[in-house]
Every structure is written in C-alpha cells, then in structure tokens.
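Residues per chain, in single letters:
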Amino acid sequence: MRPARALIDLVALRHNFQIAQQLSADKTLAVVKANAYGHGAIACAQALADLADGFAVACLEEALQLRRAGIKQPILLLEGFFSADELVLIAEYQLWCVVHADWQLDALERAPLTQPLQIWLKMDSGMHRVGFFAHQYRAAYQRLQACANVASIVLISHFSRADELQSAATTEQYQLFQHTTRGMDAAVSVCNSPALVAWPQIRSDWSRPGIILYGSQPVPSSELQLLPVMTLQSKIIAVRELPAGEPVGYGAHFIAPRATRVGIVAMGYADGYPRHAPSGTPVAVAGEVTQLLGRVSMDMLAVDLTDIPQAGVGSTVELWGKAVSIDEVAACAGTISYELLCNVQRVEREYLTN
Ligand SMILES: *Cc1c(COP(=O)(O)O)cnc(C)c1O
C-alpha cells in the first residue's frame, strides 16, 4: 500500500477545543465545515460531541452528514440555505440557520414548516461578503420577530481582519455591530479564531472557532499552547546519490550545489501537498528537519538526505505535524494553513484516540 497518511490526533483536537472554550466568554460552536478543515467531519464532531455546545458547517449537505452519523448537538448552517426547498429538511433535522439576504427572509416567511427554526441573522459589518447592511438590519430583525416560522434569533457578524493586530477594522466592525443591534433582545455571535486570540475585549454569547481547533496559530504573535492535529506523512520510496550540478525533478528547478543524497517521497500535489512549495521548504525525515528539493510532482516529491545518513528507503517523512508546523509550510508556499488542510485528499486518514 502507498504509505501516504494523514494521522489525525483526536486528543489534540479536544485539547485545542478546550483552549478555545477557555477563550470564549460563553458557548462555543466547533466549526467543522469543509470536512472539518480536511480532518474528517464525522470523526471530529464525534470526538468533540461531549465538549462542544454545537457545530457549524457551510451547508445542509454537511449538516445532514453529521446528523446521519448520529450527531445530536445543534448544527448551524453558516450560509443558511441556497434554495427555499431546503427549509423543510432544515426544520426536520432541527438545524440552526443563518439568514443573510432578503430572498431568504421571503422564503422563510412562505415556507410550510411544521416547527419554527432558530435563525442567525447575519449583519454585514464590513466584510462585504454576505449579510444585511447596518441600515437594513433592524427591519430584517423585525420581520423575523413577526414570522411564525422563527422560534428564536441570534445576531451574527464576521470579522474580515481580526488577524491584523494593527488594523482598526475589527474595532470598527464591532462598534457598528453593537450600535446597530442596540436594544435587540437576542444572543450574539461574532468571534472566529483570530478574534478569540487577538481581541480579548470582544466577546459574545456564541464563539465560532475553526482553525485553532486544528492547531494552527491564527495570529503570528500568538503563544497559545495549541497542538497540531494533523500529521501528513509518508515514506521514502527511493534514494539516489547525485553529483554536484545534476538537476532534480520537473523543469530542473533544483540543481545540486554539492554531491547530494536525494530521497523520493510518496507524496505529491494530488494528495494536497502544495505544488507552490519551493526548494527549501522544511520537511522532517526520520525525525530530522531537512528540506524539499525541486518541484513537487503529482504523486512524488524529493527531499535532501545528504545530512541524514541514517535515513533511507522506508524512512518516515513528515510533511507537516509536530516537527514541521503547517504554518511554516503555508508561509513557504505563499498560502495559509486553512487551504493546505482543506486540500488534503487521496491519503488515508488514521485516527489516534489516545
Ligand atoms: C469559517 C468560519 C468561521 C471559523 O473561522 P476560523 O478563522 O477558522 O476560526 C467562523 N465564522 C464563520 C462565519 C465562518 O465562515
């Protein structure tokens, strides 16, 4: 069997969730959209079921997957519904639902529901992606209050720059949100991971951490004791000794500057390892940190074994995990940990529970 694996440490996931919970003022939704950022939504939700006050996903399909796996906790649909006919299932499966647009309000008012829903009314406080503008928000709130299909309302907004400590945007968004919602008698939800980490003065009833659950630091300066949840690993499947001047890989992007011992690893961009990671990106082989050489191929990549003589065919390679932080790999590849994690595919996931 091809040795590429994603080891998922569910004990680390629980540890990180508890840190998120300590940062939260009150209740905490574990964000498990996009297959729990590539970690496997069902396994992650099951591992957090006794800790989390609920879960958040992007869409009905993701929520139904969790319900069908036996998850009984509240599940919030972060983008609500995409067509009105989803409302019947949303009620049947008792999902919580964002409403961010007028057409959704119209659909909700008309839907023939047997039981009313908990609606999270989204305000666009500056992200300018979805949600009601401040001047539309109170009217939307009043329509929900008057709607027989609505059991309760939570006021929600999302920060666009909470990972930037020097930016005034987060404070401005929060002030606009507070000003607009003044006097509304409803619970509030504003904090994602970077807000929980970087903006302790901003707290609300429901926090919505995602990335910190998976052990990536959302803010560079953060000193949270998060544990990496995913270890992406494989093995050396071939070794070659190259004299100085020889190229490695497609496009001869790397030319050996000295006699080089090259290890070939069964891992490539089809597994989700970023093709844009350049030579020099850290990789750990047999527990020692070394570097990527040349271009990443679809199924293989090359690493430098020159200074790790004990490594050879069969040695374990960690692409990210405890020895090599995913944040470092993401920085080298010009992206963010979120994208790397979500892109993991084809590899077996193995769950560690102790
Ligand atoms: C994805 C998402 C989150 C979680 O964000 P992190 O940065 O991963 O903590 C929270 N709220 C909303 C609306 C989201 O879409």
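Right above here is the structure, for reference.
Residues numbered from 1 in each chain as written. Predicted model: local features only at pLDDT ≥ 70, side-chain atom pairs only at ≥ 80, totals over all residues. Heavy atoms only, no water.

Caption draft 1: Representation of the environment of Ala 259. Here Ala 259 lies in the loop between strand 12 (254-255) and strand 13 (260-265). Along the chain, Ala 259 and Leu 242 lie 17 residues apart, while their C-alpha atoms are 5.7 Å from each other. Residue contacts for Ala 259: discarding those within four places in its chain leaves Leu 242, Pro 243, Ala 244 and Thr 306. (Helix = DSSP H or I, 4+ residues; strand = E, 2+ residues; numbered from the N terminus. Contact = heavy atoms within 4.5 Å.)

Caption draft 2: The pattern of salt bridges, seen in detail. One pass over the full model with this rule turns up 13 salt bridges. In this structure, Arg 143 and Asp 102 form a salt bridge, with 3.6 Å as the shortest nitrogen-oxygen distance. Residue Arg 143 is located in helix 7 (residues 134-145), and its partner Asp 102 is located in helix 6 (residues 102-110); the two are separated by 41 residues in the primary sequence. Residue classification places Arg 143 among the partly exposed residues on the basis of a relative accessible area of 27%. Classification of Asp 102 by relative accessible area gives partly exposed; the value is 42%. For Arg 258, the salt bridge is made with Asp 307, and the minimal N-O distance between the two is 3.4 Å. Of the two residues, Arg 258 is situated in the loop between strand 12 and strand 13 and Asp 307 in the loop between strand 16 (301-304) and strand 17 (316-320); the sequence distance between them amounts to 49 residues. According to the relative accessible area criterion, Arg 258 is partly exposed, its value standing at 35%. Several salt bridges share partner residues, and in doing so they unite Arg 2, Asp 271, Asp 299 and Arg 346 into one network. (Salt bridge = Lys/Arg side-chain N within 4 Å of Asp/Glu carboxyl O. Buried < 20%, exposed > 50% of the residue type's maximum accessible area, 1.4 Å probe, protein only.)

Caption draft 3: Quick peek at the sheet that holds strand 5 (residues 96-99). Taken in spatial order, the 8 strands line up as 8-7-6-5-4-3-2-9 in an open sheet, and their pairing is parallel. Each edge of the sheet is formed by a strand with only one pairing partner; in this case those strands are strand 8 (187-189) and strand 9 (206-207). Where strand 3 (residues 54-57) meets strand 4 (residues 75-77), 3 bridges bridge the pair, whose relative direction is parallel. Considered in strand 4, the bridge of Phe 55 is made with Ile 75. Packing against the sheet, helix 4 (residues 60-68) makes contact with strand 3 and strand 4, and its axis sits at approximately 165° to strand 4. (Pairing = 2+ DSSP bridges. Axes fitted to C-alpha atoms, helices over the stretch in contact; angles between N-to-C directions.)

Caption draft 4: Main features of the site of the ligand. The ligand sits among 14 residues. The nearest are Lys 33, Tyr 37, Ser 193, Gly 210 and Tyr 338. Lys 33 is positioned such that a nitrogen or oxygen atom in its side chain is 2.7 Å from an oxygen atom of the ligand. In the model, an oxygen atom of the ligand is placed 2.5 Å from a nitrogen or oxygen of the Tyr 37 side chain. Coverage of the ligand by the protein chains reaches 91% of its 390 Å² of free accessible surface. Judged by the proximity of its atoms to the pocket grid, the ligand belongs to the largest pocket. Across the shell around the ligand, the residue classes tally to 7 nonpolar, 4 polar and 3 charged. (Near = heavy atom within 4 Å. Polar contact = N/O pair within 3.5 Å; in protein donor to acceptor, adjacent residues only side chain to side chain. Areas by Shrake-Rupley, 256 points an atom, 1.4 Å probe, with all protein chains shown as cover. 1 Å grid on protein atoms, 1.4 Å probe; cavity = no way out; pocket = protein on both sides within 12 Å on 5 of 7 lines; lining within 4 Å. Sits in = over half its atoms within 2 Å of the grid points. Nonpolar A, V, L, I, M, F, W, Y, C, P; charged D, E, K, R; others polar.)

Caption draft 5: Expanded view of the nonpolar core. If you look at the biggest cluster of nonpolar residues, it comprises 115 residues, and the most contacted ones within it are Leu 108, Tyr 273 and Trp 320. Broken down by element, the residue count for this core peaks at 6 residues, all from helix 1 (residues 10-23). No fewer than three residues from each of domain 1 (25-208) and domain 2 (230-352) sit in this core. With near-sequence residues (within four places) excluded, Tyr 273 lies in contact with Leu 232, Met 267, Gly 268, Thr 281, Val 283, Leu 292, Val 296, Leu 301, Leu 319, Trp 320 and Val 329. Ranked by size, the runner-up nonpolar core spans 8 residues in total, among them Leu 242, Ala 256, Val 262 and Ile 264. (Core = buried A, V, L, I, M, F, W, Y, C linked by side-chain atoms within 4.5 Å. Domains from an automatic or database assignment.)

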